[in-house]
Structure formats: structure tokens, C-alpha cells
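Examination of the molecular architecture
Each chain, letter by letter, is given below.
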Amino acid sequence: MLSNRRSTLVRAVLVGVALVVWLGIGSVGGMAQGKLSQVQTNDASAFLPSSAESTRAAEESKGFVDTETLPALVVLRPEDGSEVTPDQLAAVQEWAQGIPDLPLPEGNDGTWSEYLVGEPVVVPAEDGEALLVAISLDGAKAEQLLADEERVAGSFVVALRESLDEELAATATTAGEPGLQAWVTGPAGFVADLVTAFGGIDGVLLLVALGAVLLILAVVYRSPFLPFVVIFTAVFALCLAGLVVYTLAKNGTLVLNGQSQGILSILVVGASVDYALLLVARYREELHHVEHPAAAMRRALRACVEPIAASAGTVIAGVLCLLLSDLGSNRSLGPVAAIGIASALLGALTLLPALLLVFGKRSRVLFWPRAPRADALVADGDTAAATAVDPSAGPGLWARLARFVGRHARPVWILTALALCVGAAFLPTLKASGTSQVDIFLTDVDAVSGEAVLGEHFPAGAVQPAIVIVDQGDVEVVTTAAEGVDGVESVVPYTGAPAGAGAPTTGAPPIVVDGRVRLDVTTTASADTQAAVATVEDLRTAVHEASPSVLVGGAAAETLDTQLASERDLRVIVPVVLVVIGLILMFLLRSVVAAALLLVANVLSFAAALGVSAIVFNHVFGFAGADPVVPLFAFVFLVALGVDYSIFLMTRVREESVKVGTRAGVVRGLAVTGGVITSAGVVLATTFAALGVIPLLFLAQIAFIVAFGVLLDTLVVRSLLVPALVHDLDHRTWWPSALSRRPAQGGTDLE
């Protein structure tokens, strides 16, 4: 009696401590999660390695200017398409002169003049049908936070748009008394619109993901209480991940960008719910076998800790392979995602059990109105009683499917593999060589529309020219080589002309720094297009032949180097991920054959998912292309997460195989895990699909590929291909472990 009371007291204390600790994490981590956007860095140049040519060119280019700038460009044109009148020009000039005196946002003292370099310049188009106002933000200050916790660049663009509307009544869709329409574009405009798009991550994305998951859980559990227990676990795990990531990003330990933050939220919610589904399913199963919920939870944890921890470890190992990337954005996603998965694991193994046992002996009430009863009591270690209970003999959907796979194993895996190969055949049609900046937005934004108007009336490449750093003695030969490249409009030495003053001044002598001269190369295409990237690639080839010491930089060169680094990452990281996950599977399943089987099956599933995605992207959505990092991220997540479900299945199959033999074991394993693993797959696919609410091409593509790939893996690979292969191979599946030499100990009636 005393022992029972002591055990009850210890359980109550442990549950209380766990809940108090997690409440503390939630209170602090919730605030940190809400401030993650304040520690984001979305500047692509910040992610390039120091060895990249554009990085080295940018470093040398700093010596030619006193202050690096971030241009904000305002394009205006008459609403009726006529030429700009003198009155319209005068109105714009008057407005431009007042830009430095615009007040900072509420809560800040002063004006925008302290963040600007030089005076705004109004440049009429040569065709007389548009005006360009070039404003230069101090590049070093553009990323600073104002009193309202918003960054300088984004707030300045907002101020420009509000001022245009208030003083000239000029927007993209309206024209006031002056009769002008206006757009704010350029690098600052794109940064502001990108930040606005990522702004939905903190609110809309999480609400959509959690709402969708809650509905699925309500259908799965048919209980008013249990779905909220699982959701609370996911939310508190996200708070823990947000707290750790915010602290590390704020201290400069890791770099966080918008896409990493979005993936973190989705990954934590999806993984937390997946692990919770598995633990709750086993807990419910054990509640039929024992009287006290605490004993059932102890058994459930004993059975689930290994596969859940192995699953989490597999994903963590897979995403940490991104640390091998040359790009800082990819490298940062590795530890960010690993922190998220670790938080989900901690939540599922500590907070969830505490919540499920919070009512003590009456904890079954959380399953109401379908609370499981202790109607099939089995003592610990009673193998005979456990073997006698055959889950594949029932009338349920998964029991019937398991028996079907057992009866037709070879035809099932052959037909399934062929179907996946058909999908994989379209993989080469995926266009993943890069996209123009205007294509990354899936909705109409001011910066993109303004870029199009700018290109109609002004030299598109003059806004951000390519930069060539050359020895003073090689200026003439390099200039000649550059001028001979298709797509190059002009090549002039940099003379120190103010930014935004139109074409570079050629009358003054060029600036020489340490025997080097900077050449500004204007391309026909805008610097943020793939056409300009191709021109810069040709430019590099030409000028390197003329002078090997030349460095080519600029916005288009940074994009080129990013794409080259992404292609290199794909070649390096994919094999490493396969090796790492293969080793984990061998250790977990104690079998080389089973590990190879799961790895090949999941790689085939990935290839099929990418092939089908290529068809959808090219012919349904009409996407212009994809960034090279898309297939890399898709591979890491799909292979790691796809292996997860196979781990959940195969650990149960191995458990059953020890009792009844491999063929009967795989039938039983599929029957008992089918429902819960499918539910977990649907939940994870739904959470990743929620990324589609952020109107950015990269996230929409990742959302579709991973969501479709997870469903394919859950419904086809794990339900048909893997069980059929294991059934066909029989005990050989477990080679070289002792189980591969053990004859079947029982059977299952498949008829």
C-alpha cells in the first residue's frame, strides 16, 4: 500500500514538474517565436561563400566608394500613356526634394535624411514617357531595426508609397491631379515586398497549418479532448524551437532567413503531431492490456521511444548534412531544422505523456467518447498472450490490405515499382536552373510591376550594372573583351559619379585603388533576370581570357554564384545524406538488406515525386522554373521524412517477426501500423501544403513536392512496396542478423 502511494506521488510530481517546465518554455518561447522575423537576413549576397568571385569583387569594390548603397527606384508615368508634361515633371521634382524630410515612423525621432546617401535624383526617360526617381539608402543602415522593430529598408519603402499616395495621389492603380501612376521598385522595393510576403509566416501560416491539423485529428480521434492535447504539444514544441533559434540568431551563431523560419514552423508542427500520433496509438493499444493508464504509458514509451528517437535522429542527421553546403542559407537551415525536430521529440516524449496522465487513474477520459477499456489484459513479458492476438485477422481496412499484400506480394511490389518508375521518368523535365527575381512572387507586387515599367522606358541593366575589377594596365583589353559579349550595352570606368544620376560619367578620370580600376558593365537585361545571369557568365569567360586577375561581381554575378553553389551542393550533399541515413537504418534494423531496401524504395519515391511535380509545375501551374536549391531541400526532407514512416513500420515488423516469423510479421505490422502511419503522413503533408499560403515560388514548390511526396511515400511505398518486398524476401530481409537465420515461428491465415 505504501509502495503504491509512493509511486502515485512520484508520478504526480513528475507530471507536475513537466507541465510547469513546459509552461515556462511556452511563456518565454512564445515571445521569441513572435520576434523571429526581427533576426532574419534575406540578402542573398550574405549567404555566398567568401571564395565566390562575386564576394571577392564586392570586397574590392568597397574601396571605390565611401558608402555602399541600396537603391530605391520610383517609376512614374502618365496614366493616359502620353509624354510627361512640364507640370508633371515639376510636381515630381518638388516631391523628390521633400523625401529626405519625410518623418520616420511613429515612435522614432528625426527624418529619413539620416538614412539616405546624397539627394534624390529625377531622371526623365529618353522617350519622354516616364520619370525615374533614384534614391540611395545607406547600405550599412538598411538592415537596422527602428523603434517599431521594423527594418529601415522596408519602412522606407512603405514611407515612399504612402507619400506618393498622399502628395501625388499616385499609386500603381490610381492617378491623382498630376495624372501620374507610380511604382516603388529596385533592390529596396524587392526587399520590402519580400519581407511583406514572409510576414505571413508568423500568423497566417501557423493558423492555417494548426487549423488543418486540428480538423484531421478530430476525424482521427473522434474525441473533443485528444486533438487539443496533441496540438498543445506541437505549439509548445514550436515555442521551444523558436526560443533556441531566436537566441542563436540574435547572437550571430546562425543565420535565419524567411524560408528557414517558414520551414521550421511547418517541420515542428508536422513532426510533433506525427510523433504524438504514434505514441497515442500505442498508448491506446496498451490501455486494452492493463488497468492503470500510467502502466499503459510506461509500456507505450518502452515500445515507442526507439522508433520515434530513431526517426528524429534520422531527420536530424539528414538535415545536418546541409552544413556541407557552400551557401550560408542552406547551412543555416540544417541546424534550424535539427533544433525543430529535437524540440518536437522532447515535446512528444515529455509534455505529451504528462498531458495524457494529468487525470491520474481517470486519464482514459481524454479518449471520450471512445475510451479504451482494459478488456484484453496481457502481463509484461507474456509473449504467448501477445502472439495470440492477431491484428491482421480483423475486418478493418488495414487488416484486409495487409492480407492482400501477403497473398500477392510479388505482383504488388513489381507493379508499384513500375508505377513509381513511370513518375520518375519525368524527373529530367524539371527546370531547376534558376529563376528571375520577378518570378519569385506568385501575386502582383509593386516591385515586380515597377520593374516591368522601368524596363519599358529605361536601360534595364543600368540600375545594377555588373562590376568588373581589373588591373589598371589591363583596362583597355578587358573593356574591349567585355564590349564584345552579347547582351552588354556599355562598359565605362567608375569615376565616382553619384548613384542614380543616370548613365555613368565618362569625362572624369577613373578612380584607381591599389592599382585596380572598377568598370561598370550595363547589360541589356535587368540584373535580376536569368538573361542577365547568362550574360554575366559569358562576360566572365571573355574577361578572364583577357586578364586572369579580373573579378566580376554585381547582382547578376551574385545570382550566378548562388546557382553554381546550389548545383555543387546537390552533387555533394545528396550522396552524403544517403550514406548517413543508410548507416542509421543498418544500426536500427540490424540488417544491411533491410536498410538497402528502404533506402532504394525511398529514393525511387523521391524521384517519382519530383517527376510528377515537374509535370504539374510545367503544365498546370505554368511556373517559369525553379531554383537549384529546390530539389536539394526536397531530397533532404523527403528522403529523411519518408524513411521515418518505413522506420515506424519496420520496427513493428521486426518486433512481430521475432514472435511469428517475417511473413506473418510483416502482415501483422502493416495491419497494426497502417492507420496511424497514414494519419501521420496526411498530417505532415497537410502542414507542408500550408506553406503554399505564402505567395513565394520557392515555398509553393517545396510545399507541393514534399506534401505530394509524403502522401506517395505513406500511401504507396510504405503501404504496398516495402511490405510486399519484405514479404517476398522473407527472413532474408534481416541479413546478416540472427533473425535472418531463424525459421518462421508461426503463421497468419491470409485467406
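Residues numbered from 1 in each chain as written. Predicted model: local features only at pLDDT ≥ 70, side-chain atom pairs only at ≥ 80, totals over all residues. Heavy atoms only, no water.

Brief notes about the overall build of the protein
In plain terms, the rule: Helical segments are the DSSP runs of H or I of at least four residues, strand segments are the runs of E of at least two, and each set is numbered from the N terminus. Burial classification: accessible surface area is computed with a 1.4 Å probe over protein chains only, and a residue below 20% of its type maximum counts as buried, one above 50% as exposed, and the rest as partly exposed. Contacts are assigned to residue pairs with any non-hydrogen atoms lying within 4.5 Å of each other. The accessible surface values rely on the Shrake-Rupley method and a 1.4 Å probe; as for residues, cover is taken only from the protein chains in view.
On a plain count of helices and strands, the protein comes out with 21 helices and 9 strands. C-alpha extents for the protein along the principal axes are approximately 95 × 55 × 50 Å. Considering the protein as a whole, with its 751 residues, one finds that 54% of them fall into the buried category. Of all intrachain contacts in the protein linking residues separated by at least 6 positions in sequence, the fraction that spans at least 24 positions is 80%. In the structure as shown, the protein presents an accessible area of about 30200 Å², 61% of it carried by carbon and sulfur atoms.

Re the pairing of strand β2 (residues 121–124)
Put simply, the rule reads: What makes two strands pair is DSSP finding at least two bridges between them.
Across 4 bridges, the pairing between β2 and strand β3 (residues 131–138) is antiparallel. Residue V122 lies in a different strand from β3, and its bridge partner there is V133. Counted between consecutive antiparallel strands, the loop separating β2 from β3 contains 6 residues, among which G128 sits at a positive phi close to 75°.

A short note on a nonpolar patch on the surface
This is how the line gets drawn: Surface patches are drawn from residues lacking salt bridges whose relative accessible area is over 30%; two like charges belong together within 9 Å, two nonpolar side chains (Val, Leu, Ile, Met, Phe, Trp, Tyr) within 5 Å. Salt bridge, as applied in this entry: a Lys or Arg side-chain nitrogen positioned within 4 Å of an Asp or Glu carboxyl oxygen.
Together, F225, V358, F359, V365 and W368 line one region of the surface with nonpolar side chains, adding up to about 480 Å² of accessible area. Looking at where V365 falls in the secondary structure, it is placed in the loop between α10 (328–356) and α11 (383–388). Taking the relative accessible area as the measure of exposure, V365 reaches 39% and is therefore partly exposed.

A closer look at a negative patch on the surface
Applied cut-off: Note that His is not counted, nor are the chain ends; the positive residues are Lys and Arg, and the negative ones are Asp and Glu. To locate a charge, the coordinates of NZ of Lys, CZ of Arg, CG of Asp or CD of Glu are taken.
A contiguous patch of negative charge on the surface is contributed by E94, E162, D165, E166 and E167. Sort the elements by how many residues they give to the negative patch and helix α4 (residues 152–168) lands first, with 4 residues. Along the chain, E162 turns up in helix α4. A relative accessible area of 45% means that E162 is categorised as partly exposed.

Focus: the packing of aromatic side chains
This is how the line gets drawn: Each Phe, Tyr or Trp ring, with Trp reduced to its six-membered ring, pairs with another whose centre is within 6.5 Å; inter-plane angles below 30 degrees give stacked pairs, above 60 give edge-to-face pairs, and intermediate values give tilted ones. We call a charge positioned above a ring when the Lys NZ or Arg CZ atom is no farther than 6 Å from the ring centre and deviates by at most 35 degrees from the ring normal.
Summed over all chains, the structure comprises 15 aromatic pairs. With a centroid separation of 6.3 Å and an interplanar angle of 40°, the aromatic rings of F225 and W368 are classed as tilted. Highlighted residues: F225 in the loop between α6 (204–221) and α7 (226–250) and W368 in the loop between α10 and α11, separated in sequence by 143 residues. Here a set of aromatic residues connected by ring pairs shows up, and it is made of F617, F621, F623, F704 and F708. One cation-aromatic arrangement involves K141 over Y115; the distance from NZ or CZ to the ring centre is 5.9 Å. Here R518 stacks its cationic end above the ring of Y494, 4.0 Å away from the centre of that ring.

Overview of the sheet that holds strand β1 (residues 69–78)
Put simply, the rule reads: Angles run from 0 to 180 degrees between N-to-C directions of axes, and those axes are lines fitted to C-alpha atoms, restricted for helices to the stretch in contact.
Here 4 strands make up an open sheet; going across it, the order is β2-β3-β1-β4 and the pairing antiparallel. Looking at which strands have only one partner, the edges of the open sheet turn out to be β2 and β4 (180–185). Averaged over all pairs of adjacent strands, the angle between strand axes in this sheet comes to 20°, irrespective of strand direction. Where α4 meets the sheet, it contacts β1, β3 and β4, and its direction lies at approximately 20° from that of β1. Each of β1, β3 and β4 touches helix α5 (residues 186–198); the most contacted strand, β1, lies at about 95° to it.

A short note on the packing of helix α13 (residues 409–424) against helix α21 (residues 697–729)
Let me state the cut-off plainly: The cut-offs work like this: below 35 degrees is roughly parallel, past 145 is roughly antiparallel, 65 to 115 is roughly perpendicular, and the gaps in between are oblique. Less than a right angle of anticlockwise turn of the near helix away from the far helix marks a crossing as left-handed, whereas a clockwise turn marks it as right-handed. Gly is placed with the polar residues, together with every amino acid not listed as nonpolar (Ala, Val, Leu, Ile, Met, Phe, Trp, Tyr, Cys and Pro) or charged (Asp, Glu, Lys and Arg).
In contact at an axis separation of 8 Å, α13 and α21 are set at 140° when each is read in the N-to-C sense. Classified by the interaxial angle, the pair formed by α13 and α21 is oblique. Viewed along their axes, α13 and α21 form a crossing whose handedness is left-handed. Along the contact surface, α13 presents A409, R410, V412, W413, T416, A417 and L420, while α21 presents L712, V716, V717, L720, L721, A724, L725, H727 and D728. Of the residues belonging to the contact of α13 with α21, the class tally is 12 nonpolar, 2 polar and 2 charged.

Topic: the pattern of salt bridges
What the rule picks out here adds up to 20 salt bridges. We note a salt bridge from R540 to D561, for which the minimum N-O separation is 2.7 Å. Here R540 is found in helix α16 (residues 530–546), whereas its partner D561 is found in helix α17 (residues 555–589), with 21 residues between them in sequence. Each member of the pair, R540 as well as D561, carries the same accessibility label: buried. The shortest N-O distance in the salt bridge between D569 and R568 comes to 2.9 Å. Several salt bridges converge on common partners, so that one network encompasses R282, E286, R299, E655 and K659.

Points about the nonpolar core
The line we're drawing: Within this scheme, the nonpolar core is defined by two criteria: the residues are buried Ala, Val, Leu, Ile, Met, Phe, Trp, Tyr or Cys, and they are joined through side-chain atoms within 4.5 Å.
Membership of the largest hydrophobic core comes to 168 residues, with the highest contact counts inside it found for Y275, Y283, L356, F633, F637, M650 and V722. Examining the composition of this core, we find that 19 residues originate from one element, helix α19 (residues 629–660), more than from any other. Excluding residues within four positions of it along the chain, F637 makes contact with I263, L267, V319, L333, G642 and V706. In this structure, V74, W95, A153 and V157 belong to the second largest nonpolar core, which totals 35 residues.

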